[in-house]
Amino acid sequence: MNSHICYSNKPNVKKILITGGVGFIGSHLAKKLLERGHEVVVMDNLFTGNKSNIYNLLNNPRFTFILRDVSQPFWGSLTKFIIWHALLLQSIIKKILWKQLKHLSWA
């Protein structure tokens, strides 16, 4: 057993934190991990994600949603979790594409 992975009280069940987990990728990842029996915590600020992506997960006792911006300090007890940083930074991608389109329009 790896010492850096936190297992719950059940064998082979991992505690997993997904940042940006309300988006398309993160919510599907959360669903698959829950189907495999893992405990999942999703942290998201809902800036680009849609909470409807996780409505079907909210009643699962192994699922927790935390409304929080991951860039802000968090003093909760999330130590020894496996972390999936699913935050795609969609807003940054949009800005890059917008700059490229603006550049093309000036050409």
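Residues numbered from 1 in each chain as written. Predicted model: local features only at pLDDT ≥ 70, side-chain atom pairs only at ≥ 80, totals over all residues. Heavy atoms only, no water.

## Observations regarding the pattern of salt bridges
Working definition: two side chains of opposite charge can pair if their charged atoms are close together. Overall, the coordinates contain one salt bridge when judged by the stated rule. Residues Glu35 and Lys32 are paired through a salt bridge, measuring 3.6 Å at the closest nitrogen-oxygen approach. Here Glu35 pairs with Lys32, and both are found in helix α1 (residues 24–35), just three residues apart, close to one helical turn. On the accessibility criterion, Lys32 (49% relative accessible area) is partly exposed. (Salt bridge = Lys/Arg side-chain N within 4 Å of Asp/Glu carboxyl O. Helix = DSSP H or I, 4+ residues; strand = E, 2+ residues; numbered from the N terminus. Buried < 20%, exposed > 50% of the residue type's maximum accessible area, 1.4 Å probe, protein only.)

## Brief notes about the environment of Ile18
Assignment of secondary structure puts Ile18 in strand β1 (residues 15–19). C-alpha separation for the pair Ile18 and Val40, spaced 22 residues apart in sequence, amounts to 7.3 Å.

## A short note on the pairing of strand β2 (residues 39–44)
When you tally the buried positions in β2, you get five out of six residues, the bulk of the element. As judged from the five bridges shared by β1 and β2, these two strands associate in the parallel manner. What sits directly across from Thr19, in β2, is Met43. Inspection of the sheet shows β2 paired to strand β3 (residues 63–67) by five bridges, in the parallel sense. Looking across to β3, one finds that Asp44 is bridged to Leu67. (Pairing = 2+ DSSP bridges.)

## A short note on the nonpolar core
Among the nonpolar cores identified, the biggest contains 13 residues, and Ile18, Ala30, Val40, Val42 and Phe63 are the most heavily contacted of them. Counting residues per element, the ones that place at least two in this core are β1, α1, β2 and β3. With four residues, α1 is the largest single contributor of residues to this core. (Core = buried A, V, L, I, M, F, W, Y, C linked by side-chain atoms within 4.5 Å.)

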